[in-house]
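Single-letter residue listing:
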Amino acid sequence: FIFRTPKKLQFTELYRYYFDFILRLLYRIILIDGVPESVNETFLKLILYTQGKICFFDGALIGEQSNELLALNCSRADTPDVYYIPRNVLITNPRLQKSYNLKRDEECVVVYLSETDKYNLSEINGGLYHLIRKTAVMLADNDISLNIAQKNTRLVNLVAADTQNTVDSIKATFAKMYEGDPDIVVKSSLIDKLQGVPIIQNQSNHNLIELLEVNQYVLAHFLEQIGVCVHDQLKKERLITGEVNDNFTFAILSIDDIVLSLNEGFAKVNAKYGTELRAYINPIIEEQRKQDAAADDQTEDAAADDQTEDAAADDQTED
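Let me begin by describing the structure that accompanies this report.

Time to look at the pattern of salt bridges. Opposite charge on two side chains permits pairing when their charged atoms draw close. Evaluated as defined, the whole model comprises 5 salt bridges. Between Asp33 and Arg278 there is a salt bridge whose closest N-O contact spans 3.2 Å. Taken together, the positions of Asp33 in strand β1 (residues 30–33) and Arg278 in strand β8 (residues 278–281) put the pair 245 residues apart, joining distant regions of the chain. Assessed through its relative accessible area of 41%, Arg278 is described here as partly exposed.

This next bit is on the sheet that holds strand β6 (residues 100–103). Spatial ordering of the open sheet is given by β4-β5-β6, a layout of 3 strands whose pairing is antiparallel. The sheet terminates laterally at β4 (74–76) and β6, the two strands that pair on one side only. In this sheet, adjacent strand axes meet at a mean angle of 35° when their direction is disregarded. Pairing analysis gives 4 bridges linking strand β5 (residues 88–91) to β6, with the strands arranged antiparallel. When the sheet's bridge partners are listed, Asn88 is paired in β6 with Lys103.

At their nearest, the axes of helix α1 (residues 13–29) and helix α2 (residues 41–51) sit 11 Å apart, and the two run at 110° to each other. As judged from the angle between their axes, α1 and α2 are roughly perpendicular. α1 and α2 meet at a crossing whose hand is right-handed. Along its contact with α1, which presents Phe19, Leu23, Leu26 and Tyr27, the element α2 presents Thr42, Lys45, Leu46, Tyr49 and Thr50. In terms of residue class, the contact of α1 with α2 is made up of 6 nonpolar, 2 polar and 1 charged.

Turning our eyes to something else, we now look at helix α3 (residues 129–152). Compared with the 34 Å implied by 1.5 Å per residue over 24 residues, the 35 Å span of α3 between its first and last C-alpha is a close match. For α3, the set of buried residues is Tyr129, Leu131, Ile132, Thr135, Ala136, Val137, Leu139, Ala140, Asn142, Asp143, Leu146 and Ala149.

All right, on to the sheet that holds strand β2 (residues 53–58) then. The strand order across the open sheet built from 3 strands is β3-β2-β7, with neighbouring strands paired in antiparallel fashion. In this open sheet, the two edge strands, each paired with only one partner strand, are β3 (69–72) and β7 (108–112). Pairwise comparison of adjacent strand axes, ignoring direction, gives a mean angle of 25° for this sheet. Here β2 pairs with β3 via 4 bridges, running antiparallel.

In terms of nonpolar packing, the biggest core is built from 48 residues, with Leu26, Ile29, Phe56, Leu128, Ile226 and Leu262 touching the most fellow members. Broken down by element, the residue count for this core peaks at 9 residues, all from α1. Leu26 has contacts with Tyr49, Leu128, Ile132, Phe222 and Ile226, leaving out every residue within four places of it along the chain.

So, on to empty space enclosed by the protein. Overall, the coordinates contain 3 cavities of 30 Å³ or more when judged by the stated rule. If you go around the largest cavity, you meet 10 residues; those closest to its centre are Lys53, Pro86, Val89, Tyr112 and Lys118. Within the residue set of the lining of the largest cavity, elements represented by two or more residues are β4 and β7. Class assignment for the residues of the lining of the largest cavity results in 4 nonpolar, 2 polar and 4 charged. Broken down by secondary-structure element, the contributors of at least two residues to the lining of the second largest cavity are β1 and α2. Here the lining of the second largest cavity is built from residues that sort into 6 nonpolar, no polar and 1 charged.

Reading guide: rules and limits
- Residue positions are given per chain, counted from 1 along the sequence in the order it is written.
- Predicted model: local features are reported for residues with pLDDT of at least 70 only, side-chain atom pairs are reported and counted for 80 or more only, and whole-chain, interface and lining totals are derived from all residues.
- No hydrogens and no water enter the side-chain calculation; it runs on all heavy atoms of the structure.
- The term salt bridge refers to a pairing of a side-chain nitrogen on Lys or Arg with a carboxyl oxygen on Asp or Glu at a separation within 4 Å.
- Going along the chain from the N terminus, every DSSP run of H or I of four or more residues is numbered as a helix, and every run of E of two or more is numbered as a strand.
- Think of it in three bands: with a 1.4 Å probe and only protein chains considered, a residue is buried below 20% of the maximum accessible area for its type, exposed above 50%, and partly exposed in between.
- For two strands to be treated as a pair, DSSP must find at least two bridges joining them.
- Lines fitted to C-alpha atoms define the axes, with helix axes restricted to the stretch in contact, and inter-axis angles between N-to-C directions lie between 0 and 180 degrees.
- In these notes the angle categories are as follows: under 35 degrees is roughly parallel, over 145 is roughly antiparallel, 65 to 115 is roughly perpendicular, and the rest is oblique.
- A crossing counts as left-handed when the near helix is turned anticlockwise from the far one by less than a right angle, and as right-handed when that turn is clockwise.
- It only takes one pair of heavy atoms within 4.5 Å for two residues to be counted as in contact.
- Here the term charged refers only to Asp, Glu, Lys and Arg, the term nonpolar to Ala, Val, Leu, Ile, Met, Phe, Trp, Tyr, Cys and Pro, and the term polar to all other amino acids, Gly among them.
- Here the expected length of a helix is defined as 1.5 Å per residue gap, with one fewer gap than residues.
- For this analysis, a nonpolar core means a set of buried residues of the types Ala, Val, Leu, Ile, Met, Phe, Trp, Tyr and Cys, connected via side-chain atoms within 4.5 Å.
- For each structure, a 1 Å grid was placed over the protein atoms alone; sets of points admitting a 1.4 Å probe that cannot get out are labelled cavities, open sets with protein on both sides within 12 Å along at least five of seven lines are labelled pockets, and lining residues have an atom within 4 Å of a point.
- Grid points are joined across faces, edges and corners, and a volume is the space filled by probe spheres set on the points.

In structure tokens, the structure reads:
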């Protein structure tokens, strides 16, 4: 009832696992204070991140107990205004016997995850849904490859045999080797075959390490897309200093924008219903961002000093 899972991904539990994992990660990045008891905070965040908007209204409007504030998912109910922002929203819920059409800013207040979500007219899913989905698909696919690579590490020996007698001789030789027999005598014709193909094992180990790094890279890239800088060694090796310092510049939808949009909506909710809702970035992440900014400043200062010294050295050489 909340969001759609792509049909071709419905069969995989890995996709569902990573989708939920990323959502739980987001729940800890942006915190919300002052949520009334009548509003489910986890549901509130879930709808905001996967649909981009949520509707606050008095429960009495849909036959619930009066004076209880509710926050439910909603959709466009009518022709939008000249700026393509819906005037009315439609409240639908499996528990309700019918849908309710509420006038925005009069009968209800719609809070948006971002400015862009105000104009999401054609799809149910908005907010960070598509970014979460893309990341979950990549992580799930990589886990499948990782599992295959793990199974390939079990391939200790790959040998070729032309006859069943040769097969039996090779198996018997390997059995003695695994048992630790110090003296094994074989026909000279088997020596080359027993050497096998060692490249298979080496390649599997290499792929295993690389796939583990890819998992870290994909998750770090997702966090950077929302403006959370991650110290990921794999990414650092591929970026020059200037590109690393510009992580926030290329964020698709930064957590700062999200907090700003949420607080604009919460201010309307607070004014209409007397609540004290407030969104803010987790203090731990804020502190880390300050430390990252300070470290970047020091790196830039050091680079500037090096350039000055190099220029002075060049001048002396010319003199």
